[in-house]
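# Summary of structural features
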Amino acid sequence: YNSGELKGTFTTNEDATLVFALKYDEPQGKMNVYLDGKLSLSINEYEGQTYSKYFIELDPGKHEILWKYESASVYCYLDNIGIEATPTISVTLKEPGSLGTEVLAKTDHLKNVRKLVINGTMNDSDWANIKLMNSLFTLDLSGTTLTEIPEKQLSRYVHGDIFSFLHEIKLPTTIKKICREAFKGTYIDKIEFPVGLTTIESEAFGA
């Protein structure tokens, strides 16, 4: 539609995330999204992609969602609307490379991880296990000792749809560098850059 609104109600019994995508003929419209009567997102697509994915975090309980779109002529399509339970799994690595073991002590399979908090020292084996978490929404690295995010490490273009839900990253104060294309193609909408970060290489957050 090129103007109008869509409303829905739902109930969740645990922490969850509402996910939806917007598709445009061309990015020239405005979408306001209200959660329980309060403005949650205001999306101005005058510049940007013609397909974007958005996330709204939900507490347990009953909720009402309202999408309200305004445009003089450009059509907008809501796509892939869903609600995913997103409980948090927090682990402390006993040694580098132990992420898989620590996570599997708290869930049946790595693919079940939606929000992950990691504390301790990581190595390449731990990054490899993160790539098995194909429904990861949030990755909290603030308790690690990482000094850089390696090149293409979390790129959706390199790893397919593994990181198609990844939208929030928390970085440690030790981070100095985010390498080339590290988060390319992801839908990151929440990130804070520590004061010690000195280098962000080309297309680290490229579309």
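Before any of the text, the structure's been laid out above.
None of these values were measured; they are calculated from a predicted model.

To continue, consider the packing of aromatic side chains. For the structure shown, the criterion picks out six aromatic pairs. Ring plane angle 15° and centroid distance 5.1 Å describe the contact between Phe 183 and Phe 205, whose orientation is recorded as stacked. Of the two residues, Phe 183 is situated in the loop between strand E13 (177–178) and strand E14 (190–192) and Phe 205 in the segment after strand E15 (199–200); the sequence distance between them amounts to 22 residues. Using a relative accessible area of 1% as the deciding quantity, one classes Phe 183 as buried. Ring centres 5.9 Å apart and planes at 75° place the aromatic pair Phe 193 and Phe 205 in the edge-to-face group. Linking Phe 193 in the loop between E14 and E15 with Phe 205 in the segment after E15, this pair joins segments that are twelve residues apart in sequence. With relative accessibility at 43%, the residue Phe 193 sits in the partly exposed group. Taken together, the ring pairs in this structure connect Phe 20, Tyr 54 and Trp 67 into an aromatic cluster. The ring of Phe 165 has Lys 53 sitting right over it, with the charged end atom 4.7 Å from the ring centre.

Glancing now at the side chain of Thr 86. Tracing the backbone shows Thr 86 in the loop between strand E7 (76–85) and strand E8 (88–92). Within the structure, Thr 86 has its side chain in polar contact with the side chain of Thr 17 (distance 3.0 Å).

Picture the strands of a sheet paired through backbone hydrogen bonds; they go either parallel or antiparallel. One open sheet holds the three strands; their spatial order is E5-E2-E7, and the pairing between them is antiparallel. In the strand order of this sheet, the two ends are held by strand E5 (51–58) and E7, each with one partner. Looking at each pair of strands side by side, their axes are set apart by 20° on average, direction ignored. Relative to E7, strand E2 (residues 16–24) runs antiparallel, the two sharing eight bridges. Bridge assignment links Tyr 24 to a residue of E7, and that residue is Cys 76.

Moving on, we get to the pairing of strand E9 (residues 115–120). Burial within E9 is extensive, with five of its six residues counted as buried. Of the strand pairs in this sheet, E8 and E9 are connected by five bridges, and their pairing is parallel. Bridge pairing in E9 links Thr 92 to Asn 119. The parallel pair E8 and E9 is bridged by helix H1 (residues 99–104), and the resulting crossover is right-handed. The pairing of E9 with strand E10 (residues 138–144) spans five bridges and is classified as parallel. Bridging across to E10, Leu 116 finds its partner in Leu 139.

Definitions and cut-offs
- Residues numbered from 1 in each chain as written.
- Predicted model: local features only at pLDDT ≥ 70, side-chain atom pairs only at ≥ 80, totals over all residues.
- Heavy atoms only, no water.
- Phe/Tyr/Trp six-rings, centres within 6.5 Å; stacked < 30°, edge-to-face > 60°.
- Helix = DSSP H or I, 4+ residues; strand = E, 2+ residues; numbered from the N terminus.
- Buried < 20%, exposed > 50% of the residue type's maximum accessible area, 1.4 Å probe, protein only.
- Lys NZ or Arg CZ within 6 Å of the ring centre and 35° of its normal.
- Polar contact = N/O pair within 3.5 Å; in protein donor to acceptor, adjacent residues only side chain to side chain.
- Pairing = 2+ DSSP bridges.
- Axes fitted to C-alpha atoms, helices over the stretch in contact; angles between N-to-C directions.
- Right-handed = clockwise from strand over helix to strand, strands pointing away.

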